[in-house]
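A structural walkthrough
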Amino acid sequence: MLADDERNILDVCEKYLSREGFTVLTAEDGEDAIRQWESHAPDLIVLDIMMPRKDGWQVCREIRDREDVPIILLTARGEEIDRLTGLTMGADDFVTKPFSPRELVLRIKNVLRRLRQAERNAASAGPKEGARLRFEGLEIDLVARKVKVYGNDAELTLKEFELLWLLASHPGQVFSRNHLLNKVWDSDFFGDTTTVTVHIRRLREKIERNASQPRFIKTVWGIGYKFEGGDGTNERAN
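Residues numbered from 1 in each chain as written. Predicted model: local features only at pLDDT ≥ 70, side-chain atom pairs only at ≥ 80, totals over all residues. Heavy atoms only, no water.

Per the stated rule, a full pass over the model turns up two aromatic pairs. A ring pair is formed by Phe135 and Phe227, whose centres lie 4.7 Å apart and whose planes are at 55°; its orientation type is tilted. Linking Phe135 in strand 6 (residues 132–135) with Phe227 in strand 12 (residues 224–227), this pair joins segments that are 92 residues apart in sequence. Residue Phe227 is classed as buried on the basis of its relative accessible area, which comes to 0%. (Phe/Tyr/Trp six-rings, centres within 6.5 Å; stacked < 30°, edge-to-face > 60°. Helix = DSSP H or I, 4+ residues; strand = E, 2+ residues; numbered from the N terminus. Buried < 20%, exposed > 50% of the residue type's maximum accessible area, 1.4 Å probe, protein only.)

Following this line, the structure appears as structure tokens:
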């Protein structure tokens, strides 16, 4: 689904995406975008930030509260605050206006490719060893892509889950921000380690009892982060 109040942008992008085999829904304001999403459940959403009735921030927040569908934000400003706000809301990528329709097609393909790869990785893990990690107060199920914190379900986005799984499956190992960026986001973010910092903060808010004094995800100053199992032990369940 493409949501933008500029009809010419919708028409051009729809044409390029249709040529690539995509079925495209369009919306010209935020409320229409919500209706289209609720009615058709698109596989990926492209949202312009500056839209009437509901802006892209509002639409992104409302969707993220209910579903983990991939979201790409379009911004005319390209300012860091927009990027940080979008990352905090769980956006998967950003495209700054003016942009080439070919670039948008490439970004969409890359986000969907990462999603499909994550699904294949989960499916291939099956019920074998390493498919589930257990620590005191924390359970991570790779196949079901579910996380329980002290017995309660934690709603994580795709990137938050991948980041947590990578850290928790290597307890005690220190990962630099660049390493995490390359492993979880690959090359699309071009070395912007702010992406990692924001996602770590969001992840801590969801799995830590006190995000300012984290038990599981520790900061290694000047380097990056590491996972610690607290007082419990790491159990790899079959």
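Now, onward.
Here five strands make up an open sheet; going across it, the order is 2-1-3-4-5 and the pairing parallel. Both outer strands of the open sheet, strand 2 (26–27) and strand 5 (93–96), are each paired with one neighbouring strand and no more. For strand 1 (residues 2–3) and strand 2, the ladder comprises two bridges, and the chain directions are parallel. Within the sheet, the bridge partner assigned to Leu2 lies in strand 2 and is Thr26. (Pairing = 2+ DSSP bridges.)

Here the amide bond leading from Lys97 into Pro98 is cis, since omega sits at -5°, within 30 degrees of zero. Here Pro98 shows up in the loop between strand 5 and helix 5 (101–125). Its identity is not glycine, yet Ala41 carries a phi of approximately 50°, on the positive side. As for its placement among the helices and strands, Ala41 is situated in the loop between helix 2 (30–40) and strand 3 (45–48). At Tyr150, a residue that is not glycine, the phi angle is positive and equals roughly 50°.

Our focus in this paragraph is the nonpolar core. Burial of nonpolar side chains together is a common tendency in soluble globular proteins. Counting residues in hydrophobic clusters, the biggest one holds 29 residues, and the most contacted among them are Ile140, Val147, Leu164, Ile217 and Phe227. When contributions to this core are tallied by element, the ones reaching two or more residues are strand 6, strand 7 (138–141), strand 8 (146–149), helix 6 (158–168), helix 7 (177–185), helix 8 (194–207) and strand 12. If you tally residues by element for this core, the top one is helix 6, at seven residues. Once residues lying within four places of it in the same chain are set aside, the contact partners of Val147 are Leu138, Glu139, Ile140, Asn152, Asp153, Ala154, Leu156, Phe161 and Leu164. One finds Ala27, Ile45, Ile49 and Met89 within the second-largest nonpolar core, a separate group that totals 22 residues. (Core = buried A, V, L, I, M, F, W, Y, C linked by side-chain atoms within 4.5 Å. Contact = heavy atoms within 4.5 Å.)

All told, the structure shown has 19 salt bridges when counted by the stated rule. Between Glu6 and Lys97 there is a salt bridge, with the nearest N and O atoms lying 3.3 Å from each other. In this pair, Glu6 is assigned in the loop between strand 1 and helix 1 (7–19) and Lys97 in the loop between strand 5 and helix 5, connecting sequence segments 91 residues apart. Note that Glu28 is salt-bridged to Arg7, the shortest N-O span being 2.8 Å. One end of the pair, Glu28, is in the loop between strand 2 and helix 2; the other, Arg7, is in helix 1, and 21 residues separate them in sequence. Taking relative accessible area as the criterion, Arg7 reaches 33% and is therefore assigned partly exposed. In the salt-bridge network here, residues are joined through shared partners; they are Asp4, Glu6, Asp48 and Lys97. (Salt bridge = Lys/Arg side-chain N within 4 Å of Asp/Glu carboxyl O.)

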